[in-house]
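A look at the structure
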Amino acid sequence: MELFLPIAHMDVNIVLILLYGALVGFLSGLVGVGGGFLITPLLIFTGVPPIVAVSSGAAQMAGTASGASYLHWRQGNIDFKMGLILLIGSWLGGGFGVYLAKVLLRLGQFGNVVVFLYVILLGFIGVSMLIESLQAVFRAGAPHAGDTHAMAASKSLLRTWGERLPWQTAFPASGVRMSAAGPLVLGATVGILTSLMGVGGGFIMVPVMIYVLKMPTKNVVGTSLFQLLFTTAAVSVMQAGVNHSVDPFLALILILGSVLGTKLGARLGARLPAEKLRLILALVVVAVAVKMVVTLVVPPSDIYDMTVEVR
Amino acid sequence: MTRWLRCLFLVSGWMLPFPSWADEPLVVAPEPSQVNITTGFTGADLKAVGAMSGPGDLIIKLAGPQQEVTLSRETKLGPFWVGGDTVKMEGAPSLLFLYATAPIASILSPAEQEKYGLLLEGVPVRVEPQLKAHAADDWRKAFFRLKEKQGYYHEDDRAIRVFGNRLFIADMRLPADLQIGTYTVETLLVKSGKVDGHTVGNFKVRLSGIERRVWNAAHDYPWSFGGLFTLAAMVLGFVLNAIPYRRR
């Protein structure tokens, strides 16, 4: 079953794109990440131009995150003050990122930057998660005294550093007090990543909110989703406005697939222990990173490549 | 098959009332005259049906509209292969299919092939920015190699079927990712190494239906399109995700 994509200007197999959406949705339901870090490379491997893959992925995440955010809002899991500051940061970062994408496209470096950012981020996060989850699985969650000591030391260092920053603000919904610069910078970093890579940044945002901003876990997921919804929506609008690169058919099929996948993933996720779920996520992330490293290291079959400017 | 026979019948029927057809060495009708890219488009089959004045060889040149492409060259940076220089190339057809009843090199001299643009690697292509001759030549060679590798430039000496040295049908398969615009179909009748007849026809490739509307909206009103589509995606996600849970 083929469908012609008007913006990507190519035909794709609908079932394949539905499967991509379902796979990402499945992981999202299973381990609670947006899955943008998977969808962009999958689409690029299929032959979708990188800029269309990134932009349509952002539109898909806005769609998928809207339903999930609504559920968290009803359960009172969203820290709106924190979410708003993250959002302001990520919109600023996102806007900068879209223009950066345009400059890189003009220089012909967009593909390079996207691939390198992916490899570095996926490699770092994947390996960290893999080590952490393997330790958790084999030691059944019993931490070593040395690790706890080191973690406490680094935490106190961060706290001292954080307390010196200006704009100290209370966040009553999460029960924390910190400088507004923290979530602003975090939001801006994630916004740039969303524009350049089509990722929502959940896999960076969630660990930073838990370990650095020290928010309660239930608020982290809801607030992260709230931020993800509005960041990806803004990036999707900006990519369509500046680069004309959101393919509506591609995004809609991905949303349909991801809704089905999310439900399956959530059902399975409820039955598996947390450390095994983290291990699954870590393995997936590392596998994607390894695949990308291989494409960077193995000599290309042809050193020349051709991109059509306008169809 | 019946469609083919009908085509043959039509061509022969068209010729009968006009005995002077024999004065024309070559008569060709490309079919269809327009290719519409719609939702389920996976490529198109094009036929050139025609008649010729007697035994001879045929060459059909199908050329797409000119296309601007960017070529990039990967370079080695430490252990990694990364994107290096890029150049723009303009003026060459997006697609170039050469069909013939025998290998073109065996029926026409190189000079004649060049005159009629029948060399796959001989079409004019501009390299921007202006590079030194040998550097531009490397990029030009890469351009033709990639076009041939991706199947946009190719030669086929088996696609034309000739019936009784008079009638012929050429089957041409066009890929899905066609450049929008006007395509030309040039047909040459070759006798004893010389071009005896030459006709030029054309057909259009355009987006149609919802594909056209979406493309126009995305390019003519990019911000409104982006805003409305993103909103629609959010509403769809909300409806599909949230409402089923609410009912439980």
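Note that the structure is a prediction, hence the values are computed from the model and not measured. (Residues numbered from 1 in each chain as written. Chains lettered and ligands numbered in written order. Predicted model: local features only at pLDDT ≥ 70, side-chain atom pairs only at ≥ 80, totals over all residues. Heavy atoms only, no water.)

1. Describing the confidence of the model for chain A
Residues and elements named next belong to chain A. Confidence along chain A averages 80 in pLDDT terms, with 88% of residues attaining 70 or more. For chain A, the element scoring lowest by mean pLDDT is helix α6 (residues 145-163), at 54; strand β2 (residues 10-13) scores highest, at 92. The low-confidence segment residues 143-151 (pLDDT under 50) makes 3 contacts with residues lying over four places distant or belonging to another chain. (pLDDT = per-residue confidence, 0-100. Helix = DSSP H or I, 4+ residues; strand = E, 2+ residues; numbered from the N terminus. Contact = heavy atoms within 4.5 Å.)

2. Section: the side chain of D177 of chain B
With respect to the element layout, D177 of chain B can be found in the loop between β11 (167-174) and β12 (181-191). One polar contact links D177 of chain B to Y152 of chain B, side chain to side chain, over a distance of 2.4 Å. (Polar contact = N/O pair within 3.5 Å; in protein donor to acceptor, adjacent residues only side chain to side chain.)

3. Focus on the packing of helix α3 (residues 50-74) of chain A against helix α9 (residues 217-243) of chain A
Residue and element names in this part refer to chain A. α9 packs onto α3 with a crossing angle of 145 degrees between their chain directions and a minimal axis gap of 7 Å. You can see that α3 and α9 cross each other, and the crossing is left-handed. Contacts between α3 and α9 pair I51, V54, S55, A58, A59, M61, A62, A65, S66, A68, S69 and H72 from the former with V221, G222, L225, F226, L228, L229, T232, A233, V235, S236, Q239 and N243 from the latter. Residue classes in the contact of α3 with α9 are distributed as 15 nonpolar, 9 polar and no charged. (Axes fitted to C-alpha atoms, helices over the stretch in contact; angles between N-to-C directions. Left-handed = near helix turned anticlockwise from the far one by under 90°. Nonpolar A, V, L, I, M, F, W, Y, C, P; charged D, E, K, R; others polar.)

4. Remarks on the interface of chain B and chain A
Every contact between the two is made by 62 residues of chain B and, on the other side, 57 residues of chain A. When chain B packs against chain A, the two sides together hide about 5,200 Å² of surface, and 65% of this comes from carbon and sulfur. The three residues of chain B that bury the most area against chain A are W81, W223 and F229 of chain B, which together make up 12% of that side's buried surface. At the junction of chain B and chain A, the tally comes to 2 salt bridges. The salt bridge partner of D302 of chain A is R145 of chain B, with a shortest N-O separation of 3.0 Å. Run the count over chain B and chain A and you get 10 residue pairs in polar contact (both at pLDDT 80 or more). Ranked by residues supplied to the side of chain B that touches chain A, first place goes to helix α6 (residues 222-247) of chain B with 18 residues. Across 5 bridges, the pairing between strand β5 (residues 304-308) of chain A and strand β5 (residues 69-77) of chain B is antiparallel. Counted as the bridge partner of M306 of chain A is L71 of chain B from β5 of chain B. (Buried area = accessible area lost by both parts, 1.4 Å probe. Salt bridge = Lys/Arg side-chain N within 4 Å of Asp/Glu carboxyl O. Pairing = 2+ DSSP bridges.)

5. Brief notes about helix α2 (residues 36-46) of chain A
All names here are of chain A. Here α2 lies mainly inside the structure; 8 of its 11 residues are buried. For α2, the complete set of buried residues consists of G36, F37, L38, I39, T40, P41, L42 and L43. Positive backbone phi, approximately 110 degrees, marks G47, located one or two places after α2. (Buried < 20%, exposed > 50% of the residue type's maximum accessible area, 1.4 Å probe, protein only.)

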